[in-house]
Amino acid sequence: MSGNNLLVALSGQPNCGKSTVFNMLTGARQHVANYPGVTVEKKTGHYRKGQTRVELVDLPGTYSLTSYSLEERVARDFLLHDGPGAVIDVVDASNLKRNLYLTLQLLEMEIPMVLNLNMMDVAKRRGITINQEGLAERLGVAVVPTVGKQNVGGDALKETIFDLASREARPGFHIDYGPMEPMLEELSAALAEDQRLAATYPARWMAVKLMEDDAEANVLLKRSHYDAPGVLKLVEKLRGQFQEEAGLAAERHVAFARHRVCAEIAREFVKHPEEKCKTLSDRADRYVCNRFIGPLILIGILFVLYEVSIVFGNWLALKAWPIWGSLESFTANVLPQAGFLEDPLLRSLGIWTVKSVTAILNYLPIFFLLFSLIAILEDSGYMPRMAFILDRLFRRFGLHGQSTLPLILGGVYVGGCAIPAVMATKAIPDERARLATILIAPMMNCLAKVPLYLLLIGAYFAEQAGMAMFFIATVTLFMALPVAKALTLTVLKKCDRAPFIMEMPPYHLPTVQGVLRRAVERVWLFVKKIVTVVVAVAVVVFVLINFPGLSEERMKHYETRRDAEITKFMKAVEKTEYRGEILPADITPMILFGEALKDAKRGVSDQAAASAINDEFQAANPLYYAVVKRKGADGRKLNRALKTVIRSRKALRRDIRSERFENSFLGMAGRALEPVTQFAGFNWRINIALLSAFAAKENSAATLGAIYGIDGDEASVQESMKAGEVGFTPLHALALMLFMALYPPCVPTSIMVRMQSNSTKWMLFSIGYQTLLGLGVASLVFTGGTLLGLSGFQTMWVFYGLCVTATVVMALIPERSICDEGEELTKAGSTSCPEGA
C-alpha cells in the first residue's frame, strides 16, 4: 500500500466469473486500454475503502503462469514487476480442483493473496460443499465466498483485501516436489547469492521456473543475476541429473506434482454428492459437441451471428448514415466554398479526411452487435465448444478452432468485412494461430470486393454468371487454408504456441449489463485507436492521388471549356427579366444554393416542414430561389439553362479528376508497374484502379468507372469497359478477379492488423506477401491459360481443381504438436498436456 492508494490484481482462470467479480467491486468506475507493447486488453477500475483508493487491475484469464501464451506472460509480468499490494484469486467453486492449479502458482510467487470462491450458487445447486476454514488454514490465505453476478459477497471481499494489505504477512504454502527438493534447495542457494535478484524475485519460485526450463525465467535470470551463465550451467546439470534419476523430464514432474496437490486438497476439503447426477451442461453437450449434430448447431449459430452482425448491422449502418452525412455536410459548410472547376485545397483535404473517418465510423453498428454477440458466446460457455468442434480440422492448417469466427466475419462465402474479422482474432490464445488467422482473414470475400466481381462477371462471364460467382465465392477458402499452413511452417514457425487446452465450462446465462458493458468498452477502444491513424493515412493518400496536379496548359484548356458554358448561360440570361441582376460570378453560388436546398430537404417527408425550408431559402436569396425553383416563365427558362451548366460542370470536374488521377503519383506508379503486371494481363489503367483500392476496395470499380468516363450505373461501366479495353478477354477478367481476392488489406484493415499484431513488421508483411501472392497467382492464371490455349471459363475450373488439391495435400503434411502425446481436453479438469510440458 502506498499512502492512501492500494494496487490490487484480479487473477483467475477463464470461465471462473472473474469479470462479474470485477464489475461487482468497481461498478461503472472502469477503464479499458491495452498493456504497453502488446494487444492484450488491460481493464482497470477503482473503489474506495475508507480513505484508501483501491485500484483494481483485471489480469487476463489464464490457466497457468508459464510463458506459452501472451496472456500468461502479461499476467505474470504484472505480478512480478508492477508490485501489486495484494491479489484476488477468483476460482470457480463448482470446479475447485482445476482452478487450484493457478492458485498454487500464485502462492509460489509469495504475493499477499485472497482466495475468492466465486459461483457459490452453482456449487450449491450441484450439491457441492467446501470446508472454507480448513481450506484457508491449509493454504495460509483468507477464503471469501461470492456470487459475482448477484453482487453477493463484494463487501466482505473488499474488507478482507484491505485487512490483508495492512499486514506484513506473506503466504507460507509450498508444494512438496519430492525427489526434486534437494535440487531446488541447491539452486535457490545459488540464486540467493545475488542480493539484487533475491530482492526482486522469490528464490524458490525462480528455482522452480528454471527447473521447468521456462524461457521467460531464463531471460529474467540473465537480466538480474551477476553470474547468470554459471547458474544456467547449474540448471542444465540439475535438469539432466533429475531426468536420469527419475526417468521423467523436470517440467513434467513439476506439473504432475501440482496436479497431485490440487487433487489432495480437493479430496480433503470439497465434498460432492454421493450420487453424481448429470448437469444441464452435460446433457446439452451430448448434442452440442456431438460429432454430427454439433457442426450443424455451429453452422446455425454462426449463420445467426453473421445475419445479425453483418446483415442487420449493415441495415443499421444505413439507417445511421444520416448522422455521419450531417457531419460531412457540417464540414462542407464551414470550409471554403466549392469552385466551378476545382475546390480550394483546404476544402478538398478537409472533406476527404472527414469522409475517411466517417467511412470507418459507419461500421460502428456492426462492431457493436459483433462485440455483443461475442460477449454472449463467451459468457454462455459456447465459445470453447465452437473451438473444440472445429479445432481438429483447422489445426491441420496451423489455425485454431477459434479461427472460425474471424473467417466467417471476413466473408468465407461473400459479404463480410476484414476489419471486424481481424479484430475477432483477439480471442485466439495461440500466438502462431492468431497471427496466421490475421494474415489470411483479408483474403476472404469482404463486401467491398463484390462490386468489382459483379462488374467483371457481368462484362465477361454473363452467360455463366452463377458458376463464376460460386467460383470466386468459394475458391478464396481453398487458397487461404494452404497459405495458412505454409505461413505456419515458415515465417511463423518460431512464434510462441500454447498447449491446446479446451475446457468445457458449464453453460451460463449472460447478463445484459455485462454484455453491453463489454461491447461499449471494446467499441470505444477501437474508435480511440483507429480514428487518429485513419486521419494521418487519409492525408497521405490524398497527396498521392492529387499531386503533382495538372499542368498550366491543361488547366487553361478546362478553363476555356468552362468559360464557353458560362457564356452560353449568360446569353440565356440576356433574354430574360434577370438581365443585369444575374452576373457570371453568380453562377457557381447559384449552383451551390440549389445543392444546399436539396440537401436541406433530403429525408423530409412532411409538407409543412418542406414549405418552411423553401420559405427560409427564398428569404435568404429570392433571385437564386426563383431560378432554382422555376418561378415564372423566365425562371423556368433559366432553370433549363442552369441544368445544362450543372451537367457540363459535373463532366468537367469528372474529367479533371480523372486526368489528375492519371497524372498523380499514384498514376505514375500505375504506369511504372506495367512491366511487372503485364504477365497478369494488367495495363496501367487496371493498375491505377488496383492501387486506388488500397485506400478502400470499393475504389476499384469506382475508379474503373471514372477512367472510362462513366458516372452512372454499373451496367454502363461494364459496356464501357468492354468497348474501351480492346483485347481484354475473360482470361484477363479472371486474373483480375483472383488478384482482387488475394488483394492486400486496405488501409483501415492494415491499421487493424498493426493493432492486433502489435507490430508494424507484420502489417508490412501482410501487405507485401499478399501483393506478391496475388500477382503470382494472377500471372500464373493469365500466362498459363494463354500458353495452354484455354478460355477464361476453362482456366477458372482448372485453377479451382489445383486449389482443392493443394488444400488436401497441405492438410496431410504432418506437424509436430506442442505436446508429445497430442492429447485433447474434452471435459473440465483435464489438460492436453501438463503445464510445462
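Chains are numbered independently. Their residues run from 1 in the order of the written sequence. For this predicted model, a pLDDT threshold of at least 70 governs which residues receive local features, and a threshold of 80 or more governs which side-chain atom pairs are given and counted, while totals over whole chains, interfaces and linings are taken from all residues. Processing note: side-chain calculations cover all non-hydrogen atoms of the structure and skip hydrogens and water entirely.

(A) A look at the overall build of the chain. Counting secondary structure elements, the chain contains 37 helices and nine strands. Throughout, exposure labels follow a simple rule: accessible area from a 1.4 Å probe, protein chains only, divided by the maximum for the residue type, with under 20% read as buried, over 50% as exposed, and the rest as partly exposed. With 837 residues in all, the chain has 54% of them scored as buried. Intrachain contacts of the chain at a sequence separation of at least 6 include 76% that bridge at least 24 residues. Runs of H or I in DSSP of at least four residues are treated as helices and runs of E of at least two as strands, each being numbered from the N terminus. Contact definition: two residues touch when any of their heavy atoms are within 4.5 Å.

(B) Highlighting the nonpolar core. To form a nonpolar core, buried Ala, Val, Leu, Ile, Met, Phe, Trp, Tyr and Cys residues must be joined to one another through side-chain atoms within 4.5 Å. Counting residues in each nonpolar core, the largest one holds 103 residues, and the members touching the most others are Ile-440 and Leu-738. Tallying contributions element by element places helix 22 (residues 465-489) first for this core, with 11 residues. Once you skip the residues sitting within four places of it in the chain, Leu-738 turns out to touch Phe-471, Ile-472, Val-475, Met-479, Val-777, Val-781 and Phe-799.

(C) Expanded view of a nonpolar patch on the surface. Only residues whose relative accessible area exceeds 30% and that form no salt bridge are eligible for patches; like-charged ones are grouped when within 9 Å, while nonpolar side chains (Val, Leu, Ile, Met, Phe, Trp, Tyr) are grouped when within 5 Å. Accessible surface area values rest on a Shrake-Rupley calculation with a 1.4 Å probe, where residue burial reflects the displayed protein chains alone. For this analysis, a salt bridge means a side-chain nitrogen from Lys or Arg found within 4 Å of a carboxyl oxygen belonging to Asp or Glu. Taken together, the side chains of Leu-345, Val-535, Val-539, Val-540, Val-543, Leu-544, Phe-547, Phe-665 and Met-668 define a hydrophobic patch exposed on the protein surface, amounting to about 690 Å² of accessible area. Counting residues per element, the ones that place at least two in the nonpolar patch are helix 23 (512-546) and helix 29 (665-672). Position of Val-543 among the secondary structure elements: in helix 23. Using a relative accessible area of 33% as the deciding quantity, one classes Val-543 as partly exposed.

(D) Summary view of the pairing of strand 4 (residues 52-58). Counting buried residues along strand 4, five of its seven residues qualify, which places the element largely inside the surrounding structure. Where strand 1 (residues 5-12) meets strand 4, six bridges bridge the pair, whose relative direction is parallel. Residue pairing across strands places Ala-9 opposite Val-57, the latter belonging to strand 4. Paired strands, as defined in this entry, are two strands with at least two bridges between them according to DSSP.

(E) Main features of the confidence of the model for the chain. Looking at the chain, the pLDDT average stands at 83 and 87% of residues meet or exceed 70. As a per-residue measure, pLDDT tells how confident the predictor is, with possible values from 0 to 100. In this model residues 709-716 is a low-confidence stretch, pLDDT under 50, and it forms 10 contacts with partners more than four residues away in sequence or in other chains. Ignoring residues within four places in sequence, the model shows residues 818-837, a span with pLDDT below 50, making 61 contacts including any to other chains.

(F) Expanded view of the side chain of Glu-659. Turning to its location among the elements, Glu-659 is positioned in helix 28 (residues 632-662). At 2.5 Å, the side chain of Glu-659 forms a polar contact with the side chain of Tyr-558. Residues contacting Glu-659, with those up to four places away along its chain left out, are Leu-550, Arg-554 and Tyr-558. Polar contacts, as used here, are pairs of N or O atoms within 3.5 Å; protein pairs need one atom able to donate a hydrogen and one able to accept it. Residues neighboring in sequence count only if both atoms are side-chain atoms.

(G) Quick look at unusual backbone geometry. The step from Phe-547 to Pro-548 runs through a cis peptide bond, and the omega angle for that step is 10°. With respect to the element layout, Pro-548 can be found in the loop between helix 23 and helix 24 (552-574). Here Glu-110, not a glycine, exhibits a phi torsion of approximately 60°, which is positive. With respect to the secondary-structure elements, Glu-110 resides in the loop between helix 3 (96-108) and strand 6 (113-118). We classify Glu-110 as partly exposed; its relative accessible area is 29%. Unlike most non-glycine residues, Asp-213 shows phi in positive territory, near 60°. Relative to the elements of secondary structure, Asp-213 occurs in the loop between helix 9 (203-211) and helix 10 (215-224). With a relative accessible area of 44%, Asp-213 lands in the partly exposed category.

(H) View of the packing of aromatic side chains. Here is the rule: rings of Phe, Tyr and Trp (six-membered ring for Trp) pair when centre to centre is within 6.5 Å. Planes less than 30 degrees apart are stacked, more than 60 are edge-to-face, and the remainder are tilted. Under the criterion given, the structure shown has 16 aromatic pairs. An angle of 50° between the planes, with centres 5.9 Å apart, marks the rings of Phe-471 and Tyr-800 as tilted. Of this pair, Phe-471 sits in helix 22 while Tyr-800 sits in helix 37 (residues 792-812), and the two are 329 residues apart along the sequence. Each member of the aromatic cluster is reached from another via a ring pair, and the members are Phe-470, Phe-471, Phe-478, Phe-793, Trp-797 and Tyr-800. Distance and angle both matter: a charge sits over a ring if NZ of Lys or CZ of Arg is within 6 Å of the ring centre and within 35 degrees of the ring normal. The ring of Trp-684 carries Arg-671 above its face, with NZ or CZ at 4.0 Å from the centroid.

(I) Main features of a positive patch on the surface. A cluster of like positive charges, contributed by Lys-571, Lys-575, Lys-598, Arg-630, Arg-636, Lys-637, Arg-640, Lys-643, Arg-647 and Lys-650, occupies part of the molecular surface. Counting residues per element, the positive patch draws most heavily on helix 28, at six residues. Of note, Lys-598 is situated in helix 25 (residues 587-601). Charged residues are defined narrowly, with Lys and Arg counted positive, Asp and Glu counted negative, and His plus the chain ends left uncounted. The atom standing in for a charge is NZ when the residue is Lys, CZ when it is Arg, CG when it is Asp and CD when it is Glu.

(J) Representation of the pattern of salt bridges in the model. Going through the model one piece at a time under the given rule, you end up with 22 salt bridges. Residue Asp-379 is joined to Arg-518 by a salt bridge in which the shortest nitrogen-to-oxygen separation is 2.3 Å. Of this pair, Asp-379 sits in helix 16 (residues 364-380) while Arg-518 is found in helix 23, placing the two residues 139 residues apart along the sequence. Take Arg-518: its relative accessible area is 13%, and that puts it in the buried class. Between Glu-552 and Lys-556 there is a salt bridge; the shortest N-O distance is 3.7 Å. Taken as a pair, Glu-552 and Lys-556 lie in helix 24 at a separation of four residues, close to a single helical turn. Linked through salt bridges whose partners overlap, the residues forming this network are Arg-76, Glu-108, Lys-209, Glu-212, Asp-214 and Arg-258.

(K) Looking closely at the environment of Phe-569. Assignment of secondary structure puts Phe-569 in helix 24. On the basis of relative accessibility, which here comes to 2%, the residue Phe-569 falls in the buried class. In sequence terms Phe-569 and Ala-641 are 72 residues apart; their C-alpha atoms lie 6.0 Å from each other. Those residues in contact with Phe-569 that lie beyond four places of it in its chain are Ile-582, Ile-587, Leu-638, Ala-641, Leu-642 and Val-645.

(L) Inspection of the environment of Pro-510 at higher detail. The topology assignment puts Pro-510 in the loop between helix 22 and helix 23. Residue class for Pro-510 comes out partly exposed when judged on its relative accessible area of 22%. Ignoring anything within four residues of it in the chain, the contact list for Pro-510 reads Ile-376, Asp-379, Ser-380 and Val-515.

(M) Local environment of helix 5 (residues 132-139). Among the residues of helix 5, those classed as buried are Gly-134, Leu-135, Ala-136 and Leu-139. The positive-phi residue at the C-terminal boundary of helix 5 is Gly-140, with phi of around 75°.

(N) A look at the pairing of strand 6. Strand 6 sits mainly inside the fold: six of its six residues count as buried. Burial along strand 6 is two-sided: Met-113, Leu-115 and Leu-117 facing one way and Val-114, Asn-116 and Asn-118 facing the other are all buried. The pairing of strand 5 (residues 86-92) with strand 6 spans six bridges and is classified as parallel. Bridge pairing links Asp-89 to Leu-115 in strand 6. Following the backbone out of strand 5, through helix 3 and into the adjacent parallel strand 6, one traces a crossover that is right-handed. Of the pairings in the sheet, the one linking strand 6 to strand 8 (residues 142-145) comprises four bridges and is parallel in character. Orient the strands so they point away from the viewer; a crossover is then right-handed if the path from the first strand over the helix to the second runs clockwise.

(O) Quick peek at the packing of helix 5 against helix 12 (residues 250-269). Structural elements are reduced to axes, namely lines fitted to C-alpha atoms, with helices fitted over the stretch in contact, and the angle between N-to-C directions of any two is expressed from 0 to 180 degrees. Two elements in contact, helix 5 and helix 12, have axes whose closest approach is 9 Å; the angle formed by their N-to-C orientations is 150°. For helix 5 against helix 12, the interelement crossing comes out right-handed. When helix 5 is examined against helix 12, the residues Gly-134, Leu-135, Arg-138 and Leu-139 are found in contact with a partner set consisting of Glu-264, Ile-265, Glu-268 and Phe-269. Residue polarity follows a fixed list, in which Ala, Val, Leu, Ile, Met, Phe, Trp, Tyr, Cys and Pro are nonpolar, Asp, Glu, Lys and Arg are charged, and the others, Gly among them, are polar. Per-class residue counts for the contact of helix 5 with helix 12 are four nonpolar, one polar and three charged. In this scheme the crossing of two helices becomes right-handed for a clockwise turn of the near helix relative to the far one and left-handed for an anticlockwise turn of less than a right angle.

(P) Layout of the side chain of Thr-62. Among the structural elements, Thr-62 can be located in the loop between strand 4 and helix 2 (70-81). At 3.1 Å, the side chain of Thr-62 forms a polar contact with the backbone oxygen of Ser-64. In this view, Thr-62 contacts Gly-12, Gln-13, Pro-14, Glu-71, Glu-72 and Leu-102; residues no more than four positions away in its chain are not counted.

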